[in-house]
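Observations on chain architecture
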Amino acid sequence: RRLTMTPLPCSSPMMNILALSTLLPLYAATQPSDTCAVTGTAKPSWKNSFPPKNIAGDGPAVAAWFEANIDHLKPPPPMTDREKYLVKMSATEFIKLRKADKITCYEYASALASRATYYRHMNQFMYWDVFPDQMEKFLKDSQALDEKARTEGVASIGPLYCLPVPQKGTMATKEYPSSAGVGLLHSYYATDDADAVKLLKKNGGLGFGKTM
């Protein structure tokens, strides 16, 4: 499901309001009935990751529901010394190593993707329910940049040298869902990338999912 969205170069409360005023009429135009006109699927429903409606407003009941239904923070996952080193690297350290061809985009992306998947219940990354393969897409993109570096020279992926950069959830993206913070648009994609996303790709960066 793709919806024309106006890419915003940056985020601000006013820009978010402008985005919503653009998106909601477009969404309404695609909803002539109780089904989604684009794909025929039902409208978004109350998710099982939300407390039941009948306890809304009851603070203690909602707290008890979360206690019983939401996973607690897991202990750190098993990691090799190399993986521990990779996930603690700064952006400057990674770029220096990739520029020197001492690490691949895929190796670094794999360490980050593994950790993001392990802690997915914390919801730092969005759209697990409608895009469960998002980390596979991230890894595939990293392999494409490794291949470009191999065939065209490592300088061809500079100046960011495949540095993974999480994309804000309100940014328009063609390859990841782009709801602009609107639940009704949760599974929609933009038809164009936001300027910040375009700059990231142009400069050899690697989009690392969509974050809250």
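Read on for an overview of the structure. (Residues numbered from 1 in each chain as written. Predicted model: local features only at pLDDT ≥ 70, side-chain atom pairs only at ≥ 80, totals over all residues. Heavy atoms only, no water.)

Notes on the packing of helix 5 (residues 105-118) against helix 6 (residues 134-152)
Where helix 5 meets helix 6, the closest approach of the two axes is 9 Å, and the angle between their N-to-C directions is 170 degrees. Compared by their axis directions, helix 5 and helix 6 come out roughly antiparallel. Within the contact between the two elements, helix 5 uses Cys 105, Tyr 106, Ala 109, Ser 110, Ala 113, Ala 116 and Thr 117 and helix 6 uses Met 135, Phe 138, Leu 139, Ser 142, Gln 143, Leu 145 and Asp 146. Residue classes in the contact of helix 5 with helix 6 are distributed as nine nonpolar, four polar and one charged. (Axes fitted to C-alpha atoms, helices over the stretch in contact; angles between N-to-C directions. Helix = DSSP H or I, 4+ residues; strand = E, 2+ residues; numbered from the N terminus. Parallel < 35°, antiparallel > 145°, perpendicular 65-115°, else oblique. Contact = heavy atoms within 4.5 Å. Nonpolar A, V, L, I, M, F, W, Y, C, P; charged D, E, K, R; others polar.)

Quick look at the layout of surface pockets
Take a probe with the size of a water molecule and roll it over the atoms, and the empty space left behind shows itself. Reported here for the second largest pocket is a volume of approximately 270 Å³. What lines the second largest pocket is a set of 21 residues, among which Leu 145, Lys 201, Gly 205, Leu 206 and Gly 207 lie closest to the centre. Residue assignment for the lining of the second largest pocket shows that the elements contributing at least two residues are helix 6, helix 7 (195-202) and strand 4 (206-211). The element contributing the most residues to the lining of the second largest pocket is helix 6, with four residues. (1 Å grid on protein atoms, 1.4 Å probe; cavity = no way out; pocket = protein on both sides within 12 Å on 5 of 7 lines; lining within 4 Å. Points joined across faces, edges and corners; volume = space filled by probe spheres on them.)

A short note on the pattern of salt bridges
Pairs can form between side chains of opposite charge whenever their charged atoms are close. Applying the stated rule across the entire model yields nine salt bridges. Taking the shortest distance from any N to any O, the salt bridge between Glu 175 and Lys 201 comes out at 3.5 Å. One end of the pair, Glu 175, is in the loop between strand 2 (164-168) and strand 3 (189-190); the other, Lys 201, is in helix 7, and 26 residues separate them in sequence. The exposure class of Glu 175 is partly exposed, given its relative accessible area of 37%. Overlapping salt bridges, with partners in common, bring together Lys 137, Asp 141, Glu 175, Asp 193 and Lys 201 in one network. (Salt bridge = Lys/Arg side-chain N within 4 Å of Asp/Glu carboxyl O. Buried < 20%, exposed > 50% of the residue type's maximum accessible area, 1.4 Å probe, protein only.)

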